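Below are the chains, spelled out letter by letter.
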Amino acid sequence: MDRGNFGNRFTAIMAMAGSAIGLGNIWRFPYMVGQNGGAAFIIVYLFFALFICIPIFLSESVIGKRSQLSTFGAMEKYAPKGQWKWLGLLTVFTPLIIISYYSVVGGWSIEYLLKSLSFSFTDPQLSRDGHSAIFLDFVSSTWKPILLHTAFMGINAIIVMAGVKKGIEKFTKISTPILFLLVVLIMCYSLTLPGAKAGVIYMLKPDFSKLTGSAMLSAMGQAFFSLSLGVGCILTYASYLKKEESLLHISVLTSVFDLSFALIAGFAIMPAVFAAGIEPGAGPGLIFETLPFIFSTMGLSAPWLSNIVAILFFVTILFAALTSSVSMLETGVAYLVDEKKMSRPAAVGLLFAGCWTLGVFCSLSFSSLADFKILGNSLFDFCDKLTSNFLMSFGSLLFALFAGWKMKRSDVYDELTNGGTLRGSVKMFGVLYFLIRYIAPLAIILIFATNLIL
Ligand code: PHE
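Here's what I pulled together on the structure shown here. (Residues numbered from 1 in each chain as written. Predicted model: local features only at pLDDT ≥ 70, side-chain atom pairs only at ≥ 80, totals over all residues. Heavy atoms only, no water.)

Another aspect to go through is the overall build of the chain. Each helix and strand in the chain was counted, giving 18 helices and two strands. On C-alpha atoms alone, the chain measures out to a radius of gyration of 21 Å, which is about the 22 Å that the 2.2 N^0.38 rule sets for 454 residues. Split into buried and exposed, the 454 residues of the chain put 60% on the buried side. Sequence separation of at least 24 residues holds for 84% of the intrachain contacts in the chain that already meet a minimum separation of 6. Working note: accessible area of the chain is about 17,100 Å², and carbon and sulfur atoms make up 70% of it. The average position of the 31 basic charges and that of the 23 acidic charges among the side chains of the chain differ by 9 Å. (Helix = DSSP H or I, 4+ residues; strand = E, 2+ residues; numbered from the N terminus. Rg over C-alpha atoms; globule rule 2.2 N^0.38 Å. Buried < 20%, exposed > 50% of the residue type's maximum accessible area, 1.4 Å probe, protein only. Contact = heavy atoms within 4.5 Å. Areas by Shrake-Rupley, 256 points an atom, 1.4 Å probe, with all protein chains shown as cover. Lys, Arg positive; Asp, Glu negative; His and termini not counted. Charge placed at Lys NZ, Arg CZ, Asp CG, Glu CD.)

The next point concerns helix α9 (residues 196-204). By the burial criterion, the buried members of α9 are Ala196, Gly199, Tyr202 and Met203. Along the long axis of α9, the arc covered by the buried residues comes to 115 degrees, so they all point the same way. Across from the buried face of α9, at angles greater than 90 degrees, the exposed residues are Lys197 and Leu204. (Arc of directions from axis to C-beta.)

Within the secondary structure, Thr254 sits in helix α12 (residues 247-276). Here Thr254 falls in the buried class, since its relative accessible area comes to 0%. What Thr254 contacts, discounting residues up to four positions off in sequence, is Met16, Ala17, Ala20, Phe57 and Leu227.

So, about the pattern of salt bridges. Under the criterion given, the structure shown has ten salt bridges. Among the salt bridges present, the one from Arg66 reaches Asp411, with a minimum N-O distance of 3.3 Å. Taken together, the residues span a long stretch of sequence, with Arg66 in helix α3 (residues 39-67) and Asp411 in helix α17 (residues 409-417) at a distance of 345 residues. Looking at Asp411, the relative accessible area reads 14%, which means it is buried. Among the ionic pairs, Asp207 bridges to Lys210, the shortest N-O distance being 3.5 Å. Its relative accessible area of 28% is what places Asp207 among the partly exposed residues. Through salt bridges with shared partners, a single ionic network connects Lys65, Arg66, Lys243, Asp411, Asp414 and Glu415. (Salt bridge = Lys/Arg side-chain N within 4 Å of Asp/Glu carboxyl O.)

So, on to the site of the ligand. Taken together, 17 residues sit near the ligand, with Ala20, Gly24, Tyr102, Phe225 and Ser228 positioned nearest. Within the contact set of the ligand, a nitrogen atom lies 3.1 Å away from a backbone nitrogen or oxygen of Ser226. The separation between a nitrogen atom of the ligand and a polar side-chain atom of Ser228 is 3.0 Å. Coverage of the ligand by the protein amounts to 100% of the 320 Å² it exposes when considered alone. Taken together, the elements giving at least two residues each to the shell around the ligand come down to α1 (9-20), α2 (23-35), α5 (84-117), α10 (213-226) and α14 (303-339). Along the lines of polarity and charge, the residues of the shell around the ligand split into nine nonpolar, eight polar and no charged. (Near = heavy atom within 4 Å. Polar contact = N/O pair within 3.5 Å; in protein donor to acceptor, adjacent residues only side chain to side chain. Nonpolar A, V, L, I, M, F, W, Y, C, P; charged D, E, K, R; others polar.)

Overall, the coordinates contain 30 aromatic pairs when judged by the stated rule. Centre to centre, the rings of Phe313 and Phe314 are 5.5 Å apart; their planes meet at 85 degrees, and the pair counts as edge-to-face. For the pair shown, Phe313 and Phe314 are each scored as buried. Its guanidinium or amino end placed over the ring of Phe225, Arg28 lies 4.7 Å from that ring's centre, counting from NZ or CZ. Lying over the aromatic face of Tyr112, Lys115 brings its terminal NZ or CZ to 5.7 Å of the ring centre. (Phe/Tyr/Trp six-rings, centres within 6.5 Å; stacked < 30°, edge-to-face > 60°. Lys NZ or Arg CZ within 6 Å of the ring centre and 35° of its normal.)

In terms of nonpolar packing, the biggest core is built from 152 residues, with Trp27, Trp108, Phe224, Phe295, Phe313 and Phe314 touching the most fellow members. The biggest single contributor to this core is α14, with 17 residues. Contacts of Phe313, omitting those with residues within four sequence positions, involve Ile26, Leu179, Leu182, Val183, Ile186, Leu291 and Phe295. (Core = buried A, V, L, I, M, F, W, Y, C linked by side-chain atoms within 4.5 Å.)

Here the focus is the packing of α14 against helix α15 (residues 344-364). Helix packing geometry: the angle between the two helix axes and the distance between the axes. Closest axis-to-axis distance for the α14/α15 pair is 9 Å, and the angle between their directions is 130 degrees. Taken as axis vectors, α14 and α15 run oblique relative to one another. Here α14 and α15 pass one another in a crossing that is right-handed. When α14 is examined against α15, the residues Leu329, Glu330, Gly332, Val333, Leu336 and Val337 are found in contact with a partner set consisting of Arg344, Ala347, Val348, Leu350 and Leu351. Residue composition of the contact of α14 with α15, grouped by class: eight nonpolar, one polar and two charged. (Axes fitted to C-alpha atoms, helices over the stretch in contact; angles between N-to-C directions. Parallel < 35°, antiparallel > 145°, perpendicular 65-115°, else oblique. Left-handed = near helix turned anticlockwise from the far one by under 90°.)

Moving on, we get to the environment of Phe51. Assignment of secondary structure puts Phe51 in helix α3. Take Phe51: its relative accessible area is 40%, and that puts it in the partly exposed class. Expressed as a C-alpha distance, the spacing of Phe51 and Ser218, which sit 167 residues apart in the sequence, is 16 Å.

With respect to the helices and strands, the residue Gly106 is situated in helix α5. When the C-alpha atoms of Gly106 and Ile174 are compared, they prove to be 19 Å apart, with 68 residues separating the residues in sequence. Apart from residues no more than four positions distant in its own chain, Gly106 is found in contact with Leu23, Phe152 and Leu318.

Shown next as structure tokens:
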């Protein structure tokens, strides 16, 4: 059966970067920085991204590209007897939990796009508290967020139904570069706001006393989340790569894109958070309270420009969210199609129903279910923490151990260097293999241990 593959290197990188770049960079990164103390968190996050995430990215993509299968099939192929494949199967559920609450935030983005289309951000009378109140009113209004979550899930289902080439590829290659330009533009503007300096200092001046065990775990979780690691997405996408692609090249480029994106988004949001007097630790609503403030101050001097920027911004953020959520759904669909021999539409329908339902409950955790807590967290926060801090770390550990200890060294070498033909990868192989085999797994275990102790 033809599983379809990516047309060329540019589209392959754009699809991987499209999966990586999403609400994680623009929505989640700024509020994680805000909740975990600023610059110190960023330093640890960057460290994890480079020394743990790149090796994990390579492990996942080696497994995917070598096997040309999705997680379960790949593990079954290289380790038919052990428990690996069942552990691998667990990772298939992680992106399905993520997409449920991610889609709720996707729905929020639709709401803000609609608001910007009706020019709601140009009212200079609206105070800062006004923007926060509008956000809180909206998320607690029960039906509208659910309706928009449904719309977001629906668009996902349609794209994934269309398959790799027609759906995903076409979509990502345009939206990702546009978003990048827009975030840079917003950053430049945000840095000129009065009071922005405090935000810049917050991003640059580390206070290591804030770095608790749980902040470290969150930094690692954010790094995995942002690069879509430990859930089989990168593995699945790598299985659609052509044989001649260089995995090292792709992983480094994707990580650099993703990291710069997060940092630029941070420098776009944090200065405005301080300029607007919003609390940096405000949580999941942070950007939805801050961005309207940016747009309405911009509107004071250039109403048209601010409208155009707002509309373009929310369109592209929606695209960024979709290119990520599509990769989550695709991971589950690939499993059902490859292993369970389901048809694509049936697989999409089944997963849509499950994820939509969980998403409805996550959405309600901002209204009627606000008092329902699991281990002190709302359902939305619980799903978020469970996946990024635990399930993604578990999956990442699993992939590193599988590539480092279970697959043959010669297979990993062959796949990373394309049979010894990629000179750069040949030179780096020793170091990379050491990182995959020892450093990445040990670091993940260590962070868990630290989190338990500190
Ligand atoms: N990396 C995506 C983002 O930053 C989120 C994601 C997580 C995508 C897991 C796929 C799998 O928004």
